[in-house]
Amino acid sequence: METDKWGRRIRAFRKLKGRTQEGLAKEIGISVSVLGEIERGSRLPSEQILKQISDVLTVPIEELTPPDELDK
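Scoring rules and cut-offs
- Residues numbered from 1 in each chain as written.
- Predicted model: local features only at pLDDT ≥ 70, side-chain atom pairs only at ≥ 80, totals over all residues.
- Heavy atoms only, no water.
- Helix = DSSP H or I, 4+ residues; strand = E, 2+ residues; numbered from the N terminus.
- Polar contact = N/O pair within 3.5 Å; in protein donor to acceptor, adjacent residues only side chain to side chain.
- Buried < 20%, exposed > 50% of the residue type's maximum accessible area, 1.4 Å probe, protein only.
- Axes fitted to C-alpha atoms, helices over the stretch in contact; angles between N-to-C directions.
- Parallel < 35°, antiparallel > 145°, perpendicular 65-115°, else oblique.
- Left-handed = near helix turned anticlockwise from the far one by under 90°.
- Contact = heavy atoms within 4.5 Å.
- Nonpolar A, V, L, I, M, F, W, Y, C, P; charged D, E, K, R; others polar.
- Core = buried A, V, L, I, M, F, W, Y, C linked by side-chain atoms within 4.5 Å.

Novice: Can you help me understand the side chain of T65 in this one?
Specialist: Tracing the backbone through its elements, the reader meets T65 in the loop between α5 (61–64) and α6 (67–70). Here I61 takes part through its backbone oxygen, which lies 2.8 Å from a polar atom of the side chain of T65.

Novice: It is not clear to me how helix α4 (residues 47–57) should be interpreted in this structure. Could you clarify?
Specialist: Along an α-helix, a turn takes 3.6 residues, which lines up residues three or four apart on a common side. Taken together, the buried positions of α4 are occupied by I49, L50, I53, S54, V56 and L57. A positive phi of about 50° marks T58, the residue just after α4.

Novice: Sorry if this is basic, but what is going on with the packing of helix α2 (residues 21–28) against helix α3 (residues 32–40) here?
Specialist: Two quantities define a packed helix pair, namely the angle between the axes and the distance from one axis to the other. Interaxial distance between α2 and α3 falls to 9 Å at its minimum, and their mutual angle equals 110°. In this view, α2 runs roughly perpendicular relative to α3, as classed from their interaxial angle. Along this stretch, α2 crosses α3, giving a crossing that reads as right-handed. Of α3, the residues touching α2 (which contributes Q21, E22, L24 and A25) are V32, L35, G36 and E39.

Novice: So what exactly am I meant to see when it comes to unusual backbone geometry here?
Specialist: For residues besides glycine, phi is generally negative; the peptide bonds are generally trans as well. Of note, T58 is a non-glycine position whose phi angle comes to about 50°, a positive value. Locating T58 in the fold gives a position in the loop between α4 and α5. Accessibility expressed as a relative area gives 61% for T58, which makes it exposed.

Novice: How should I be thinking about the packing of α2 against α4 in this particular structure?
Specialist: Here α2 crosses α4 at 115°, and the two axes come no closer than 10 Å. As the angle between them shows, α2 and α4 are arranged roughly perpendicular. By crossing handedness, the relation of α2 to α4 is classed as right-handed. Counting all contacts with α2, which are made through L24, E27 and I28, the residues of α4 involved are I49, Q52, I53, V56 and L57. Here the contact of α2 with α4 is built from residues that sort into six nonpolar, one polar and one charged.

Novice: So what exactly am I meant to see when it comes to the nonpolar core here?
Specialist: What tends to happen in soluble globular proteins is that the nonpolar side chains get buried as a cluster. Core analysis: the largest hydrophobic core is formed by 17 residues, its most contacted members being I28, I30, I53 and L64. Counting only elements with at least two residues in this core, the list comes to α1 (2–16), α2, α3 and α4. A total of five residues in this core trace back to one element, the largest contributor, which is α4. Excluding anything up to four places from it in sequence, I30 contacts A25, L35 and I49.

Interpretation note: all reported values are geometric properties and have no functional meaning in isolation.
Structure below.
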């Protein structure tokens, strides 16, 4: 499922940057449950949420994007 690829990458970068789900969710203005759903792969992040995550974690969106999605 493509949504879990996004979620795994977002979770990995969040942890790499030393952020908690609670802190990241608060900074981007979404609930912890929504962020948890994204990270678990049960929800696909919107472009707006991806942009916000990218900005807060200072990671280019291309880095958050699963490799097989870049070819599309």
